[in-house]
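Per-entry structural report
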Amino acid sequence: MAVQEVALARAPEMHPSIITRLHELVVTVDHKKLGLMYIAAALFFFTVAGSMAALMRLQLVVPNNDFISPQVFNRLFTMHGTAMVFLVGMPILAGLANYLVPLMIGARDMALPRLNAFGFWMFFFGGLLLYFSYLAGAGLSGMGSAPDVGWFAYSPLTARAFSPGMSTDYWILAILLGGIGSIVTAINLIATIFCMRCKGMTLMRMPMFVWLMLIVAGMILLAMPPLSAAQIMLLLDRFLGAMFFDTQAGGSAVLWQHFFWIFGHPEVYILIMPAFAVASEIIPVFSRKPIFGYPFMVAAAIMIGFISFGVWAHHMFTVGMSSIGNTFFAVTTMLVGVPTGIKIFNWLGTMYGGKIRFELPMLFCIGFLFQFLIAGLTGIMLAAAPFDWQLSDSTFVVAHFHFVLIGGLLYTIFAAIYYWYPKAIGRMLNKKLGLWHFWLFTIGFHLTFDTMHIPGFLGMPRRIYTYDAGRGWEVFNMISTIGVALQAAAVLCLVINLLWSARKGEKAGDDPWDAWTLEWATTSPPPAYNFEVLPKVRSRRPLWDIKHPEDPDWRYE
Amino acid sequence: MADNLNIHQIAVVPEQVTNIFKPLATPSESIYQISLLTLAICGVIFLIVGGLLVYTIIRFRTRSNDEQSEPPQIYGSNQIELAWTVFPILIVFVLILVTARTISDVQNATHPPDSLKVTVVGHQWWWEIRYPDLGIVTANELHVPVSDPAKPRRTVLKLQSADVAHSYWVPQLSGKVDLIPNRDNYMWFDPKQTGLYLGNCAEYCGTQHAHMLIRVIVHQQEEFDRWVLEQQKPAVDNREVTAGRKVFLSTSCVNCHTISGTIAGGKFGPDLTHLMSRDTLGAGAIKNTPNLLRAWVHDPQKLKEGCLMPDMQLSQQELDLIVAYLSTLK
């Protein structure tokens, strides 16, 4: 104890040089540092890919706009989609899981710290490689720049004949690297959760966050390999004439779609489960009640995980499957609605009868609940295969999945930042700026994406760089673009808040939210070893038990 | 360049021409029915769950007078869990039955033998349209007969692709179906009204995906028969433009374009035999007027950037002659 106090007292005077600190980042295997590096890198790629979206919206603000050329536009939506999924969504979930899982299960680090660092650097350099294509995509043939085949890169558009130059190769390699990063993170999470839990933490006493991350990790292990395999096959096609997907040589275009979506649909759930994970931690704390129906929440999440592997071809209702195939995938897709409904109802049940405190994390979670509800319902519409024949590949679909990924995932990411920043940095984020962030972003988000559903009803396809006047699309596109300005201003508020509060924010203390999981039992920020003494738990809410010895949870569980 | 101002005004079309809620054929109507049902169910769910959320948030907000104490700790309830598992299952069950029926109605329909058969081949970035039974080849603008209740007439499209994946989508007639290389897909419709129907390519297919306009012109039967007769004729052979014809046939235009009755037999680009019977050029990129046709032949890259027709580097004189010749191909 004495040694530690001396070390803490001396720390502020030391001021290590920038080189030393950078060196430390490069060599670190600490799960908290890696977690924050993941999140910082993801936020960086988020601003880049978000700016690309803003450019696309500027091009579409009026019909027949000449702001950017079709080639540039096509690169923008490809890079935006690829980056948001593989360089923002995946790493931010890896970052949150890395930072929080060991703390929540009372462990000192991840099970495989070096593998952890390896995963981060694979993702990070994969991301840089993807953007490097803007400089090097032309290759020796002098054709091409950044990839322009769309984020799901339907063959045979990716064949040499239609995609000359190296741009598609950069896309393949970047995603392969990111895939390796994701797979090792998943292995590490599973190993950590199964082997490193503190005394007393049975599986059914784990925080919901940890349960959901375990399920996500399992899904990554099953979903990533088909994608990596398909990428390698495509690489063989492009360099060795393997002809898996090369239709001009008798390959199959639909095969690629199956491979891609058998990864791609579970991927959507891989991205949304972390949102569930965050909401399942924050909603109880700010409703002052335990999560309602914990075993049902766990079971529902596992069911979603399983069903998500049997729904992939609902992305392919228009490729000409048989009526039996279409019906099968419509049925499985609608079935996902049942466990997803259970989750929403249980969050509602958690809030019902509580004392809801409208702190920033809770505000973003409430936004998440409403928006995810809408996203789920538009998902049901798309699952009705005949309705999908009209809506597929229209702006309605774009609006739907942005409701899932922004309205759902990003809102909980924001909630997570406001909730755990005090733990990671030791200071609170400014509430006033946070409220500006919340309201600007919410208004902007709804301006952009509520209106985007409608041109889909009116026949506007997605991924078109321009459109003619007179089809009733103009006003909705105009409003969509205006919403982007508000969202950008909101993100600026967040960035300023993150930087400002790190130095000037109010001191957080160990447990600013009066929360119940183990990460709040240690200091803010936690020491390198997390806990001086590894905790012992007797229930799902160990800190509740300590704070309420007269009425502990373990009596009821 | 005055034309530039209005090159994009393809035609005056009614506002609702691609609205999926204004169906004008049997498949789009079946889809419309199920859309309304789905929208209604989802709307009711939204009102109920959203209403409960709003109620909960307002009713159970922390009030300033009792911040200290914790509310009763409730861990769950098996009965309630059962209820909100069973109700969604019932709703899903209903939706599944309706969905399965509509899928079958649209996909498994048997077509009467007198249905008009058309093959549509997607190209980067235009539509090749063939009527195998009528011996007609044209591009971008699909002409079909109307289906009136007294004399129903269906059109069945066989959908293919020459290069990458495309998708054929005319919202008022049918849902979309993809055109995929090495594969035959089918779509059918029976337009209830004459007139112009619009649609777009709905699967990203490369640089000019935005300019793959679909125009379907629905005629009365007699009018359609007249159109067929016109299209079946060989290309007009007008003596006044022999010089232009000669230039056209002596340049590499013939490697990509077909004009029936001449040596021009290329298959990469649209058939030009009856070019002037079409209203648009470049798959709806511009209107087909003499000035714009000249601008197009001169440098298509200016009007449809990235399209596969190159600037042929023609002299002004060659350009005049070729355009004069093309203008006669009624």
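Residues numbered from 1 in each chain as written. Chains lettered and ligands numbered in written order. Predicted model: local features only at pLDDT ≥ 70, side-chain atom pairs only at ≥ 80, totals over all residues. Heavy atoms only, no water.

Overview of the sheet that holds strand E1 (residues 116-123) of chain B
Residues and elements named next belong to chain B. Condition: Paired strands, as defined in this entry, are two strands with at least two bridges between them according to DSSP. Under the DSSP-based scheme used, a helix requires at least four consecutive residues in state H or I and a strand at least two consecutive residues in state E, with every element numbered from the N terminus. In this description, a line fitted to the C-alpha atoms serves as the axis of each element, helices being fitted only across the stretch in contact, and the angle between N-to-C directions of two axes falls anywhere from 0 to 180 degrees.
With mixed pairing, the five strands of this open sheet are ordered in space as E3-E2-E1-E5-E8. Here the strands that pair on one side only, and so sit at the sheet edges, are strand E3 (136-139) and strand E8 (185-189). Strand-to-strand twist in this sheet, taken as the mean axis angle between neighbours without regard to direction, amounts to 25°. Inspection of the sheet shows strand E2 (residues 126-131) paired to E3 by four bridges, in the antiparallel sense. Within E3, the position partnered with Arg-130 by the bridge is Val-137.

A short note on the interface of chain B and chain A
Short version of the rule: Here, two residues are considered to be in contact whenever any of their heavy atoms come within 4.5 Å of each other. Summed over both partners, buried area is the accessible surface (1.4 Å probe) that two parts give up on being assembled. Put simply, a salt bridge is a Lys or Arg side-chain nitrogen that is within 4 Å of an Asp or Glu carboxyl oxygen.
Contacts between chain B and chain A engage 92 residues on the former and 96 residues on the latter. A combined buried area of about 7,900 Å² lies between chain B and chain A, and 66% of that area is made up of carbon and sulfur atoms. When the buried area of chain B at its contact with chain A is split by residue, Tyr75(B), Trp84(B) and Tyr204(B) rank highest and sum to 10% of it. One can count one salt bridge joining chain B with chain A.

So, the sheet that holds strand E9 (residues 195-201) of chain B
Residues and elements named next belong to chain B. Spatial ordering of the open sheet is given by E4-E10-E9-E6-E7, a layout of five strands whose pairing is mixed. Each edge of the open sheet carries a strand with a single partner, namely strand E4 (141-145) and strand E7 (177-179). Strand-to-strand, the axes of this sheet are offset by a mean angle of 30°, without reference to chain direction. With six bridges connecting them, E9 and strand E10 (residues 213-219) associate as antiparallel partners. Note on E10: the bridge partner recorded for Gly-195 is Val-218. In this fold helix H4 (residues 221-232) packs onto E4 and E10, with an angle of close to 135° to the strand it touches most, E4.

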